[in-house]
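Okay, here's what each chain looks like letter by letter:
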Amino acid sequence: MTERSLTLMAVHAHPDDEATSTGGVLARYAAEGITTVLVTCTDGRCGDGPGGVKPGDPGHDPQAVVAMRQAELTASCAALKVTHLETLDYADSGMMGWAANDAPGAFWNTPVAEAADRLAELIRRYRPDVVVTYDENGFYGHPDHIQAHRITMAAVERTDIPAKVYWTTVPRSAFQEFGRVMKEIGVEFPEPDESSEMPELGLPDDEITTWVDIGAYGGQKFESLAAHASQAENIFFLQLGQERFTELMGVETFVRVRDTTGAATPEDDLFAGLR
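The shown structure was predicted, so the numbers you read here are calculated from the model rather than taken from an experiment.

## Some thoughts on the packing of helix H1 (residues 17-31) against helix H2 (residues 62-80)
At their nearest, the axes of H1 and H2 sit 8 Å apart, and the two run at 40° to each other. One finds that H1 runs oblique with respect to H2. Within the contact between the two elements, H1 uses Glu-18, Gly-23, Leu-26, Ala-27 and Ala-30 and H2 uses Leu-73, Ser-76 and Leu-80. Taken together, the residues of the contact of H1 with H2 sort by class into five nonpolar, two polar and one charged.

## Quick look at the environment of Gly-59
Mapped onto the elements, Gly-59 comes out in the loop between strand S2 (35-42) and H2. A relative accessible area of 67% means that Gly-59 is categorised as exposed. Along the chain, Gly-59 and Gly-49 lie 10 residues apart, while their C-alpha atoms are 8.1 Å from each other.

## Looking at the pattern of salt bridges
By the definition in use, this model includes 14 salt bridges. In this structure, Glu-252 engages Lys-221 in a salt bridge whose closest nitrogen and oxygen atoms are separated by 2.6 Å. Taken as a pair, Glu-252 in strand S7 (residues 251-259) and Lys-221 in helix H6 (residues 218-227) lie far apart in primary sequence, 31 residues in all. Note on Glu-252: relative accessible area 3%, which makes it buried. The class for Lys-221 is buried, based on a relative accessible area of 2%. Residue Arg-256 is joined to Asp-259 by a salt bridge in which the shortest nitrogen-to-oxygen separation is 3.5 Å.

## Considering the packing of H2 against H6
It is the contact of H2 with H6, at a shortest axis distance of 8 Å, that shows an interaxial angle of 175°. Here H2 lies roughly antiparallel to H6, going by the angle between them. Judged by residue contacts, Glu-72, Ala-75, Ser-76, Ala-79 and Leu-80 of H2 engage Gln-220, Lys-221, Glu-223, Ser-224 and Ala-227 from H6. Each residue belonging to the contact of H2 with H6 can be placed in one class, and the counts come to four nonpolar, three polar and three charged.

## Some remarks on the side chain of His-14
Tracing the sequence through the fold places His-14 in the loop between strand S1 (7-12) and H1. Side chain to side chain, His-14 and Asp-144 meet in a polar contact 3.0 Å long. Apart from residues no more than four positions distant in its own chain, His-14 is found in contact with Thr-40, Thr-42, Arg-69, Asp-92, His-142, Asp-144 and His-145.

## What about the environment of Asp-144?
In this fold, Asp-144 is placed in helix H4 (residues 143-159). Through-space distance from the C-alpha of Asp-144 to that of Met-96 is 8.9 Å; in sequence the pair is 48 residues apart. Sequence-distant contacts of Asp-144, that is, excluding residues within four places in its chain, are made with Ala-13, His-14, Thr-42, Asp-92, Ser-93, Gly-94, Phe-107 and Trp-108.

## Some thoughts on the pairing of strand S5 (residues 164-169)
With six of six residues buried, S5 lies mostly within the body of the structure. Side chains of S5 alternate between two faces, with Lys-164, Tyr-166 and Thr-168 and Val-165, Trp-167 and Thr-169 buried alike. In terms of strand pairing, S5 meets S7 through six bridges, oriented antiparallel. Along S7, the bridge assignment pairs Lys-164 with Asp-259.

## Description of the state of the cysteines
Throughout the structure, instances matching the rule amount to zero disulfides. Not engaged in a disulfide, the cysteine Cys-46 finds its nearest cysteine sulfur in Cys-41; these two sulfurs lie 15 Å apart. With a relative accessible area of 16%, Cys-46 lands in the buried category.

## Examining H6
For H6, the set of buried residues is Gly-218, Lys-221, Phe-222, Ser-224 and Leu-225. Burial along H6 is one-sided: seen end-on, the buried residues are contained in an arc of 160°. Looking at the buried positions of H6, the neighbouring elements they touch are H1, H2, helix H7 (242-248) and S7.

## Comments concerning unusual backbone geometry
A cis amide bond, omega 0°, links Thr-265 with the succeeding residue Pro-266. Take Pro-266: it is sitting in the segment after S7. Here Asp-16, not a glycine, exhibits a phi torsion of approximately 105°, which is positive. Mapped onto the elements, Asp-16 comes out in the loop between S1 and H1. Backbone geometry at Asp-160 places phi at a positive 55°, although glycine is not the residue there.

Rules behind the numbers
- Residues numbered from 1 in each chain as written.
- Predicted model: local features only at pLDDT ≥ 70, side-chain atom pairs only at ≥ 80, totals over all residues.
- Heavy atoms only, no water.
- Axes fitted to C-alpha atoms, helices over the stretch in contact; angles between N-to-C directions.
- Helix = DSSP H or I, 4+ residues; strand = E, 2+ residues; numbered from the N terminus.
- Parallel < 35°, antiparallel > 145°, perpendicular 65-115°, else oblique.
- Contact = heavy atoms within 4.5 Å.
- Nonpolar A, V, L, I, M, F, W, Y, C, P; charged D, E, K, R; others polar.
- Buried < 20%, exposed > 50% of the residue type's maximum accessible area, 1.4 Å probe, protein only.
- Salt bridge = Lys/Arg side-chain N within 4 Å of Asp/Glu carboxyl O.
- Polar contact = N/O pair within 3.5 Å; in protein donor to acceptor, adjacent residues only side chain to side chain.
- Pairing = 2+ DSSP bridges.
- Disulfide = S-S within 2.5 Å.
- Arc of directions from axis to C-beta.

See below:
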């Protein structure tokens, strides 16, 4: 009897989110023979339309944006060699405070239990050993990211299947370097707003449990990001070019929040203790 392949499931909010924080691990583990499953929760309708037209502006056609972003997501998955793509197709809720938050069918407006049931079905089907999603704040406070966190943690609790669960993060030491490099190439990297009530982004380096080297897969990660060409204005790192991008983005970092393996931390492998 053939032994079941190890499986990684990444749960993301929008088309393009898979590339930014997990493109490297999706590519790396696929190359290592691990089954990779991407779950994208929303349709991305609140993204930019053709020519950069913004939501709510004349010429922004949400359905056309949905079709365009689905095609981009498919291309991104091809670049990362994702084994299975699953889309929950909730309506993109837009940024916090937008009217889209309360629209019928919006992800943010969907009961957690309802969406968690759907995700739990996928967890039972694919039986992931490792699940990756966002932290409680959705990393930067986006409502759909927060909702993705909520339904993922609820689905994990219901199924009790994954051996390990991780939240994406960035070491705070990296933000200064990001800012320096972006200014070097003429891009204004957003500075933290000290007056904001939003929690500080990322984590102190010593609180990060998992540092995964994805340098060998930087080209695939860049290609995955580039596949989302309609959103290029918002994807700052594309402006670095592939070589500099790979140099700067060669490690993806996570905080481990569930573990049944007893693997020691810090670790350099999401599957430590499982192989």
